[in-house]
There are 2 protein chains.
Amino acid sequence: MSKLKVYNSFIRDKEEFVPLVAGHVGMYVCGPTVSGESHLGHARPYITFDVIYRYLMHLGYKVRYVRNITDAGHFEEEGREAVDKISTKAQIEKMEPMEMVQKYTNLFHWAMDKFNNLPPSIEPTATGHIVEQITMTEELIRAGYAYQVNGSVYFDVKKYAEKHDYGKLSGRVIEDLLETTRELEGQEEKKNRTDFALWKAAPPEHIMRWKSPWGEGFPGWHIECSAMSTKYLGKQFDIHGGGMDLLFPHHESEIAQSTICNHVPPARYWIHNNMITINGKKMGKSYNNVIRLTEMFSGDHPMLEKAYSPMTIRFFILQTHYRSTLDFSNEALQGAERGMKRLMEAYEWLKQAEPGNQISTTKD
Amino acid sequence: MSKLKVYNSFIRDKEEFVPLVAGHVGMYVCGPTVSGESHLGHARPYITFDVIYRYLMHLGYKVRYVRNITDAGHFEEEGREAVDKISTKAQIEKMEPMEMVQKYTNLFHWAMDKFNNLPPSIEPTATGHIVEQITMTEELIRAGYAYQVNGSVYFDVKKYAEKHDYGKLSGRVIEDLLETTRELEGQEEKKNRTDFALWKAAPPEHIMRWKSPWGEGFPGWHIECSAMSTKYLGKQFDIHGGGMDLLFPHHESEIAQSTICNHVPPARYWIHNNMITINGKKMGKSYNNVIRLTEMFSGDHPMLEKAYSPMTIRFFILQTHYRSTLDFSNEALQGAERGMKRLMEAYEWLKQAEPGNQISTTKD
């Protein structure tokens, strides 16, 4: 097997990739929160990790690629209240939350197919792993790194940071975090403002709720990935991937949770793709500058000069190194369209030029 | 809204369809066990209920169509041991069970798309509802209709039958059942041979296992549908569908479970499709006479004279009333192929003949 070097966000450097078990790779990538339609920004991680997945298999590795669906527990951190994104959106759309989850999961799968992304080996859902998330939360309480208040459970970041390097992955400094983290709902319950929820007590009007040792509630966002990666890839696995926007607090918190429960850091190589920007600003719902994938494919959006095919978008995304930002523009997309056309023409030409065909490829 | 009559298996007669809430229909249909590739026999219920779903919407109803994925807990009842189908098959295929579940779920979705079946509103999984199944089992124990033995929990059918008509749906007589039900593993734990498992203690080698109040184990097959239909459609809903082979013990057991927990029978109308047969024998894995859908589409099977398109198969299935058996034969499929061609030609002709087009449809 030829040698592979990867940039590991954890050490901020390139290093040789050596899997834990020769010939096998376990890879976990954070998947979508299915509370809305995927936009162009969402296309980047899944196309990036599709290429990484294909390349690892091309090198001869047997890869177990796990990519989750977040269908519960992703808190809105922009507003003042920590509420469940799925539940909130479902109230807006006047649907049973799982009906909305199904709609957007189907749309997500449809778009992934259009991009010619291979499906992951396992696509676990947060709601499908409530038992595992509760078990892990119980373990964290038992280990002394989590505490219960009013039916909610929080991870004690300050205590964790006493013996562990919280912030190493994302480059945050715990002392700064203790000072500057924004005030959010539930803060009065927390020992410190950096602490994050493992389980939230559900207010009476909250639709999505499950029984737990702490009463009815719903899981925190970070715990699902720790629970599911441990279940399907083991206490330690090779690659953890996702967008750079997940470095903090999501991946940092995953490391803390998994390290306490499994006594070993979860992943050996952390790979992060950079963001898609519009006029230099990250594309994201909170910035109100998103172009949905259905709009990209149809051209039906004021910022679009024309429709762009899924393969043009794939080519556009892969033209730039995954660790660099990629700025959206009609010009760049049309450049990608032309570039892909040239590439496909060259590929056709090379096929015709194969030995045995009319055109010779030898130099004489 | 025009009147609709349906044959209700529960009363063995046709009756007028009146939904619980005017204008709305809740419909639950038993979905596939994803321990293997779907075969022709599996196509029938999903095509049948797709037409029923479309017809209800055509009549103006807002329909919530729930169809589950059984990815745990479906016991092999053919052999002597009650084991989990998914876990057993995963050991044969040397995969993590959920990796196999993902593979066959993806293949199932692919085939449903080929058949032009609309996706259901919600497609819940058994593993995604462990908490709900445990809660329902606890309720059944509390109500006195279930008992725990060695970490497994069984439903007490004899006790239920004292005050309820167990066997009404499937036409079984409880006294006969108490005498004739086959001996299966776990019988020595049961009070009576008719009792069925709500939760099974997992032996050490069992891969799929969850924590429960009775130790680590996995849910029984019947409880998942009671838990999921209650969660997404309420204590009582309009239509419950599935193949006639599910009448007993599956649907009969669902009625018993739900009636105790919810104090009302789960569904008002029970609709069952009949089986696809080969030489008069039900097509099924246990009869070793299945033709998989991929084989139907490719023609690559000794019993097939040619490949049949998904639309030909859809037409073949819909040519026969869903309550009649449908015998597989190349002749019948080729007849369906010709019939569909004629239908499509007539449709094209009618489109051309629309007012404003060249050909007149008036009789003068």
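Conventions adopted
- Numbers given to residues run from 1 along each chain, matching the order in which its sequence is written.
- Whichever chain is written first becomes A and whichever ligand is written first becomes 1, with later ones labelled in order.
- Predicted model: local features are reported for residues with pLDDT of at least 70 only, side-chain atom pairs are reported and counted for 80 or more only, and whole-chain, interface and lining totals are derived from all residues.
- The side-chain numbers reported here are obtained from all heavy atoms of the structure, hydrogens and water having been left aside.
- Least squares is the method for superposing the copies, and the C-alpha atoms it fits come from residues with pLDDT of at least 70 in both.
- Two residues qualify as a contact provided that any one of their heavy atoms is within 4.5 Å of a heavy atom in the partner residue.
- Nine residue types can take part in a nonpolar core, namely buried Ala, Val, Leu, Ile, Met, Phe, Trp, Tyr and Cys, and a core is a set of them joined through side-chain atoms within 4.5 Å.
- Partly exposed residues are those whose accessible area sits between 20% and 50% of the maximum for their type, while under 20% is buried and over 50% is exposed, using a 1.4 Å probe and protein chains only.
- Pairing between two strands requires that DSSP report at least two bridges joining them.
- Runs of H or I in DSSP of at least four residues are treated as helices and runs of E of at least two as strands, each being numbered from the N terminus.
- To define axes, lines are fitted to C-alpha atoms, for helices over the stretch in contact only, and angles between the resulting N-to-C directions are given on a 0 to 180 degree scale.
- In this scheme, roughly parallel covers angles under 35 degrees and roughly antiparallel covers those over 145, while 65 to 115 is roughly perpendicular and the rest are oblique.
- Here is the rule for handedness: rotate from the far helix to the near one, and if that takes an anticlockwise turn smaller than a right angle the crossing is left-handed, while a clockwise turn gives right-handed.
- Under the scheme applied, nonpolar residues are Ala, Val, Leu, Ile, Met, Phe, Trp, Tyr, Cys and Pro; charged residues are Asp, Glu, Lys and Arg; polar residues are all the others, including Gly.
- Between rings of Phe, Tyr and Trp, where Trp is taken as its six-membered ring, a pair exists when centres lie within 6.5 Å; planes separated by under 30 degrees are stacked, by over 60 edge-to-face, and by other angles tilted.
- By salt bridge we mean one thing: a side-chain nitrogen of Lys or Arg within 4 Å of a carboxyl oxygen of Asp or Glu.
- Note on definitions: buried area is the accessible-area loss of two parts on being combined, 1.4 Å probe, summed for both.
- Within 3.5 Å is the distance limit for a polar contact, defined as a pair of N or O atoms, with the added protein rule that one can donate a hydrogen and the other accept it, and that residues adjacent in sequence qualify only through two side-chain atoms.

A. Broad picture of the relation of the copies chain A and chain B. Superposition record for chain A on chain B: RMSD 0.0 Å, screw rotation 180°, translation along axis 0.0 Å. Within this description, the copies of the chain are treated as partners about a two-fold rotation axis. If distances are taken from each C-alpha of chain A to the rotation axis, the shortest is found for A:Gly128, at 1.7 Å. In this assembly, 100% of the residues forming the interface of chain A have copies in chain B that are likewise at the interface, indicating an isologous arrangement.

B. Expanded view of the nonpolar core. Formed by 155 residues in total, the largest nonpolar core has its most connected members in A:Phe155, A:Tyr166, A:Met296, A:Ile313, B:Phe155, B:Met296 and B:Ile313. Setting aside its immediate chain neighbours within four residues, A:Met296 contacts A:Leu40, A:Ile291, A:Leu304, A:Ala307, A:Tyr308, A:Ile313, A:Phe328 and A:Leu333.

C. Structural detail: the sheet that holds strand 8 (residues 217-219) of chain A. Residues and elements named next belong to chain A. Spatially, four strands are ordered 5-6-7-8 in an open sheet, and the strand pairing comes out antiparallel. Each edge of the open sheet is held by one strand with a lone partner, namely strand 5 (146-149) and strand 8. Across the sheet, the mean angle from the axis of one strand to that of its neighbour is 20°, orientation sign disregarded. Relative to strand 6 (residues 152-155), strand 5 runs antiparallel, the two sharing four bridges. When the sheet's bridge partners are listed, Val149 is paired in strand 6 with Ser152. Sitting on the sheet, helix 4 (residues 130-142) touches strand 5, strand 6, strand 7 (196-201) and strand 8, and the angle it makes with strand 7 is about 120°.

D. View of the packing of helix 7 (residues 221-233) of chain A against helix 8 (residues 247-262) of chain A. All names here are of chain A. Taken N-terminus to C-terminus, the directions of helix 7 and helix 8 make an angle of 50°; their axes are 8 Å apart at the nearest point. By the angle class used here, helix 7 and helix 8 are oblique. In the packing of helix 7 onto helix 8, the handedness of the crossing is right-handed. The residues of helix 8 that touch helix 7, namely those facing Trp221, His222, Ile223, Cys225, Ser226 and Thr230, are Pro249, His250, Ser253, Glu254, Gln257, Ser258 and Asn262. Counted by class, the contact of helix 7 with helix 8 contains four nonpolar, eight polar and one charged residues.

E. A look at the packing of aromatic side chains. A full pass over the atoms with the stated rule returns 26 aromatic pairs over all chains. Ring centres 5.9 Å apart and planes at 55° place the aromatic pair A:Trp199 and A:Trp214 in the tilted group. Pair noted here: A:Trp199 is in strand 7 and A:Trp214 is in the loop between strand 7 and strand 8, with a separation of 15 residues, a long-range link. Centre to centre, the rings of B:Phe155 and B:Phe196 are 5.0 Å apart; their planes meet at 10°, and the pair counts as stacked. One end of the pair, B:Phe155, is in strand 6 (residues 152-155); the other, B:Phe196, is in strand 7 (residues 196-201), with 41 residues separating them in the sequence. Of the two residues examined, B:Phe155 and B:Phe196, each falls in the buried class.

F. Focus on the pattern of salt bridges. Following the criterion strictly, the structure yields 29 salt bridges over all chains and no others. Here A:Lys282 makes a salt bridge to A:Asp245, at a shortest N to O gap of 3.2 Å. With A:Lys282 in strand 12 (residues 281-282) and A:Asp245 in the loop between strand 9 (237-243) and helix 8, this residue pair connects regions lying 37 residues apart in the sequence. Here A:Lys282 falls in the partly exposed class, since its relative accessible area comes to 28%. A relative accessible area of 37% places A:Asp245 in the partly exposed class. Measuring nitrogen to oxygen at the nearest pair gives 3.6 Å for the salt bridge that ties B:Asp156 to B:Lys191. Of this pair, B:Asp156 sits in the loop between strand 6 and helix 5 (157-163) while B:Lys191 sits in the loop between helix 6 (174-180) and strand 7, and the two are 35 residues apart along the sequence. Classification of B:Lys191 as exposed rests on a relative accessible area of 54%. It is possible to trace a salt-bridge network through shared partners that takes in A:Glu37, A:Arg292 and A:Glu295.

G. Expanded view of the environment of B:Thr135. Residue and element names in this part refer to chain B. In this fold, Thr135 is placed in helix 4 (residues 130-142). For Thr135, a relative accessible area of 18% corresponds to the buried category. Along the primary structure Thr135 and Pro266 are separated by 131 residues, whereas in three dimensions their C-alpha atoms are 17 Å apart.

H. Structural detail: the side chain of A:Glu37. Residues and elements named next belong to chain A. With respect to the helices, strands and loops of the structure, Glu37 is situated in the loop between strand 3 (24-29) and helix 1 (40-58). By relative accessible area, Glu37 is classed as buried at 18%. If sequence neighbours within four positions are ignored, Glu37 has contacts with His42, Tyr104, Leu107, Arg292 and Thr294.

I. Region of the structure containing the interface of chain A and chain B. Between chain A and chain B, the contact holds 22 residues from the first and 22 residues from the second. Both faces considered, chain A and chain B share a buried interface measuring about 2,000 Å² in area, 48% of it formed by carbon and sulfur atoms. Applying the counting rule to chain A against chain B returns four salt bridges. Ionic pairing is found between A:Lys211 and B:Glu138, a salt bridge with its closest N-O pair at 3.1 Å. Linking chain A with chain B are eight residue pairs in polar contact (both at pLDDT 80 or more). Counting residues per element, the ones that place at least two in the side of chain A that touches chain B are helix 3 (97-114), helix 4 and helix 7 of chain A. The element that contributes the greatest number of residues to the side of chain A that touches chain B is helix 4 of chain A, accounting for five residues.

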